[in-house]
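Coordinate analysis (summary)
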Amino acid sequence: LKRYFSILKGREKPKFQLAKEKGLLERKIGEAEGVMRRCEFCERMCGVNRFREKGFCGVRAKWSVFGFHTHFGEEEELVPSATLFLAGCPLRCCYCQNAPESVTPDMGWELSDEEVASGIEKKFMEGCRNINFVTPDCYVWNILKVLKKVNVDIPVVWNSSSYYSEKTMELIKDVVDVYLLDFRYFSNGCATKLSGAPGYPEAAKRNLLEAWRNGEVIVRVLVLPNHIECDAKPILKWMR
């Protein structure tokens, strides 16, 4: 994480600040708003108008947050991390450790862009090393809008299941500094059975490669009981 540590030392700016200076962030916000009207942020591409109705993820157009705190349980390089836990998810994992809040946006609390931006700046001043968007795939438009309002040089961590679309990757590259990505399944059957996520392996491989080309990456390999041969080992072999 060479560039990440360079940002922390004040030698470089986070990508979203550079994008803001170039006018790129404003353009991305406009593009993301267009996607909101026929949502294709995650690999499901359910196509709903999120300004009028909920997508599969359960999210409309506003923030729904069920946790925003300084977290010391992430990888050593990231802590202390300002973690923003977002309610709503494109997966339905039978083992989800954050359920039911993570998949039930109505259980979260609604925040404005200004409140989120102010919270990020406050966490930065308290010594957090990054803003860590947890389960961010449904909130691309919201995140881009908030980053426009953030006036501190805090690295952005995209903490995702990797089940997001190519459109999302195009929108977040040149904005995200560190991709903290899960790689859960190598078998499409396992992904469908345990997370209701058809096409997960292809999406994860595509997104991991694009993240590697466009930023710095930490990969979390989920090791599930009885899924060593079909998922964990093939994932490690592919990554190697």
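See the structure printed just above.
We now turn to the structure provided with this report.

**Section: the packing of aromatic side chains**
For the coordinates displayed, the defined rule picks out nine aromatic pairs. Cluster of aromatic residues (ring-pair linked, three or more members): Tyr-163, Tyr-185 and Tyr-200. Between Arg-44 and the ring centre of Phe-56, over which it is positioned, the NZ or CZ distance is 3.8 Å.

**Some details on the side chain of Lys-173**
Here Lys-173 shows up in the loop between helix H6 (166-172) and strand E5 (178-183). On the basis of relative accessible area, Lys-173 is assigned to the buried category, the value being 18%. Within polar-contact distance, the side chain of Lys-173 engages the side chain of Glu-170 at 3.1 Å. If near-sequence neighbours (up to four positions away) are discounted, Lys-173 is found in contact with Lys-28, Tyr-179 and Asn-214.

**Section: the side chain of Asp-182**
With respect to the helices and strands, Asp-182 occurs in strand E5. At 2.6 Å, the side chain of Asp-182 forms a polar contact with the side chain of Arg-184. Residues contacting Asp-182, with those up to four places away along its chain left out, are Ser-160, Ser-161, Ser-162, Tyr-200 and Arg-220.

**Side note on helix H3 (residues 24-36)**
Each α-helix turn comprises 3.6 residues. Residues three or four places apart therefore point the same way. Look at H3: 18 Å from first C-alpha to last across 13 residues, which is about the 18 Å you get at 1.5 Å a residue. All of the buried residues along H3 are Leu-24, Leu-25, Lys-28, Ile-29, Ala-32, Val-35 and Met-36. Buried residues along H3 cover an arc of 135 degrees about the axis, so they all sit on one side. As for H3, its buried residues are in contact with helix H2 (15-22), helix H5 (140-149) and H6.

**Considering the pairing of strand E3 (residues 131-134)**
Where burial is concerned, the two faces of E3 agree: the one with Ile-131 and Phe-133 and the one with Asn-132 and Val-134 are both buried. After leaving strand E2 (residues 81-86), the chain enters helix H4 (residues 113-125) and then returns to the sheet as E3, a path that is right-handed. As paired elements, E3 and strand E4 (residues 156-160) share four bridges and run parallel to each other. Counterpart to Asn-132 in the pairing with E4 is Val-157. Handedness of the E3-H5-E4 crossover: right-handed.

**Points about the nonpolar core**
If you look at the biggest cluster of nonpolar residues, it comprises 63 residues, and the most contacted ones within it are Phe-41, Trp-63, Phe-133, Trp-158 and Tyr-179. With residues up to four places along the chain from it excluded, the contact list for Tyr-179 reads Trp-158, Tyr-164, Met-169, Ile-172, Lys-173, Ala-211, Asn-214, Gly-215, Glu-216, Val-217 and Ile-218. One finds Tyr-4, Val-157, Leu-180 and Ile-218 within the second-largest nonpolar core, a separate group that totals six residues.

**Topic: the sheet that holds strand E6 (residues 216-221)**
Here six strands make up an open sheet; going across it, the order is E1-E2-E3-E4-E5-E6 and the pairing mixed. Looking along the sheet, the strands with just one partner apiece sit at the ends: strand E1 (65-71) and E6. Strand-to-strand twist across the sheet, computed as the mean angle between neighbouring axes with direction ignored, equals 15 degrees. In the sheet, E2 pairs with E3 via four bridges, with the strands oriented parallel. Residue Thr-83 lies in a different strand from E3, and its bridge partner there is Asn-132.

Calculation notes
Residues numbered from 1 in each chain as written. Predicted model: local features only at pLDDT ≥ 70, side-chain atom pairs only at ≥ 80, totals over all residues. Heavy atoms only, no water. Phe/Tyr/Trp six-rings, centres within 6.5 Å; stacked < 30°, edge-to-face > 60°. Lys NZ or Arg CZ within 6 Å of the ring centre and 35° of its normal. Helix = DSSP H or I, 4+ residues; strand = E, 2+ residues; numbered from the N terminus. Buried < 20%, exposed > 50% of the residue type's maximum accessible area, 1.4 Å probe, protein only. Polar contact = N/O pair within 3.5 Å; in protein donor to acceptor, adjacent residues only side chain to side chain. Contact = heavy atoms within 4.5 Å. Expected span 1.5 Å × (residues − 1). Arc of directions from axis to C-beta. Right-handed = clockwise from strand over helix to strand, strands pointing away. Pairing = 2+ DSSP bridges. Core = buried A, V, L, I, M, F, W, Y, C linked by side-chain atoms within 4.5 Å. Axes fitted to C-alpha atoms, helices over the stretch in contact; angles between N-to-C directions.

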